[in-house]
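What the coordinates show
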Amino acid sequence: MKHKEQQPEQPTEAPQSYIEVIDFHKSFGEKKVHDGVSFYVRKGECLGLIGGSGTGKSVLLRTLVGLEKPDQGKVMVDGIDIGPMNERQLIDIRKKVAYAFQGGALFDSMTVYENLAYPLREHFQLSEKEISDQILSQLEEFGLDSGTHRLFPGSLSGGMQKRVGLARAMMMHPEVVLYDEPTAGLDPYNTKKIQESILKLKAKGVTSILVTHDMPTVYAVCDKVALLQNGRISEQYTIDKLKQEPSGAMTEFINGESA
Amino acid sequence: MLTLMKPLTSFTIEMLHFLGGIGYLTRDIFRELFKSRIYWRLLIEQIYQVGMRSAPLIVVTAVSVGMVMSLQFGLGLEKFGGKMYVPKLLAVTILREMGPMFTSLMLAARVGAGIASEIGSMVVTQQIDAIRALGTSPIRKIVLPRVLACLIALPILCAVTNIVANAGGLIIGAVELKLDPGFYLLKVLSTSNVSDYLSGFGKTFFFALFIAIPACYFGLNVKNGTKEVGIATTKAVVVSSILILVGDFFISKVFWMVEKLL
Ligand SMILES: Nc1ncnc2c1ncn2[C@@H]1O[C@H](COP(=O)(O)OP(=O)(O)OP(=O)(O)O)[C@@H](O)[C@H]1O
Ligand SMILES: [Mg+2]
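Residues numbered from 1 in each chain as written. Chains lettered and ligands numbered in written order. Predicted model: local features only at pLDDT ≥ 70, side-chain atom pairs only at ≥ 80, totals over all residues. Heavy atoms only, no water.

1. Overview of the layout of surface pockets
Of the volumes computed, that of the second largest pocket is approximately 890 Å³. Contributing to the lining of the second largest pocket are 30 residues, with A:Ser109, A:Met110, B:Arg41, B:Leu42 and B:Glu45 lying nearest its centre. Among the secondary structure elements, those contributing two or more residues to the lining of the second largest pocket are α3 (112-123) of chain A together with α2 (40-50), α4 (86-124), α5 (127-133) and α6 (138-175) of chain B. Counted by class, the lining of the second largest pocket contains 13 nonpolar, 6 polar and 11 charged residues. (1 Å grid on protein atoms, 1.4 Å probe; cavity = no way out; pocket = protein on both sides within 12 Å on 5 of 7 lines; lining within 4 Å. Points joined across faces, edges and corners; volume = space filled by probe spheres on them. Helix = DSSP H or I, 4+ residues; strand = E, 2+ residues; numbered from the N terminus. Nonpolar A, V, L, I, M, F, W, Y, C, P; charged D, E, K, R; others polar.)

The structure is reproduced here in structure tokens:
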């Protein structure tokens, strides 16, 4: 464990990186999930993160909002290492970095409306009119009809819950959005709508990491792709390069020839 | 010998975990209490959940306890011609011990279990993580309103128990023991004093913490799925009940010493 600390801490190749993970290690009990993951994302960029089920993609995103602590290594957001931060200090990070949970993670005792209002009420001083305007336009943005806001999460379909979760994560106008399989379980029309929303945010300069198994979405919205394998980033390509030279472990993974 | 050591060490470790966890949680609760604003709407909602919704259960328990104690005291004392001491004895026992004790135990069963399973389910469905990820604190949003609601509701419920249980005693006193109701009431009011009441009342604040904090702790520490929610609920009720029963002795002892000094 000790010898790793002597490695250079700041890779020189990433001068304007907004998110940077350096030599990240994470285990759960005996089970080692991450074994030296390093990558960076520049401001306004979108990184596609792919990898087999259970390789630790969700854990990685959770670490980037401070829901999990790294065992070793640095997790930098906007130049600050968030690893050693306590819950109080993390609040400011969490206002900037939105995490769209894989399963939606909606508050099931609240209506869709109250779910979406939650971050607004907590962090902004808004009138009820402003809140309701923002919520209704957000619902439309994610292809949910306006009656949805009165329902409880329990009476929504899985795909709808997912979209409400995405909508909630984006209520706070974050600078970074971490998408955890945003298009899984959605029909082609809604998949396209999600892609459009991601692109719209990207155009506004939002930095993002997209965890997904849905390659068309990666091709549509990402600037680069990284493959998480055996606890490390085994390969990384820009989208253009991936389109041009189909070879290597990533292509095998995409074509379903390896896990 | 070795076979005995293993469960013993794992029990000790679990115990230390529990004590440490409770310590940290209590510290966080007090920090949040004094540092940040309180969500009044959530607090009022919880007081309704904890207080109002427990009231019927508490009333039924209190009447039954009062009636059965009155009957037993009456039967016991009748042999010595001491029936007229029933009101005094009953009132003091209820005010000092049985009122707070039964109210707290019923609340531990009803509210403690509710809190632990609700928070546990929120952990399993990642709602607690969502609260954190949205830049808010589960301690402030979830734990604090429940702890404060117990602290506010339990003393009030205990006062209800005191009144209702004595009324139950009076009914049995009049019907079964053939004591005059007017005499009974007069005896209760003239022989029990403020220190009797305060001694029981003071305990309820400790008991409220014994109910709410372990329930929140076990709920928050659910890890793997719904099965653990059930285990957490059971643990919360067992631990709260033990804390109330054992704590009662020590708190009574301390109060007793204080009363003597005054
Ligand atoms: N809290 C935890 N306790 C123990 N093990 C955990 C915990 N969280 C994650 N793991 C383990 O870490 C590994 C990675 O989990 P993770 O959810 O990040 O996978 P994933 O790459 O997101 O998979 P999927 O594509 O199926 O969503 C899994 O093997 C999982 O069992
Ligand atoms: Mg995942």
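Alright, that's what it looks like, and here's the rest.
2. Here we look at the interface of chain B and chain A
Across the contact, 17 residues belong to chain B and 18 residues belong to chain A. Taken together, the two surfaces of chain B and chain A that pack against each other cover about 1,700 Å², and 50% of this comes from carbon and sulfur. Joining chain B to chain A, the criterion identifies 4 salt bridges. Of the charged contacts, one joins B:Lys141 and A:Glu122 as a salt bridge, the two residues approaching to 2.8 Å between their closest N and O atoms. Taken together, chain B and chain A are joined by 8 residue pairs in polar contact (both at pLDDT 80 or more). Only α1 (2-35) and α5 of chain B provide two or more residues apiece to the side of chain B that touches chain A. Ranked by the residues each element gives to the side of chain B that touches chain A, the list is headed by α5(B), at 6 residues. Along the lines of polarity and charge, the residues of the side of chain B that touches chain A split into 5 nonpolar, 6 polar and 6 charged. (Contact = heavy atoms within 4.5 Å. Buried area = accessible area lost by both parts, 1.4 Å probe. Salt bridge = Lys/Arg side-chain N within 4 Å of Asp/Glu carboxyl O. Polar contact = N/O pair within 3.5 Å; in protein donor to acceptor, adjacent residues only side chain to side chain.)

3. A short note on the sheet that holds strand β9 (residues 224-229) of chain A
Remark on secondary structure: sheet strands pair via backbone hydrogen bonds, oriented parallel or antiparallel. Residues and elements named next belong to chain A. As summarised here, the arrangement of the 6 strands in space is β6-β7-β8-β3-β9-β10, forming an open sheet in which the pairing is mixed. Two strands bound the open sheet, and with one partner strand each, they are β6 (97-100) and β10 (232-238). Here the strands of the sheet are splayed against their neighbours by 15 degrees on average, with no regard to which way each runs. Direction of pairing for strand β3 (residues 46-51) relative to β9: parallel, over a ladder of 5 bridges. Bridge pairing links Leu 47 to Lys 224 in β9. Packing against the sheet, helix α1 (residues 57-64) makes contact with β3, β6, β7 (176-180), β8 (207-211) and β9, and its axis sits at approximately 155 degrees to β7. (Pairing = 2+ DSSP bridges. Axes fitted to C-alpha atoms, helices over the stretch in contact; angles between N-to-C directions.)

So far we have only geometry, and geometry alone does not tell us how the molecule works.
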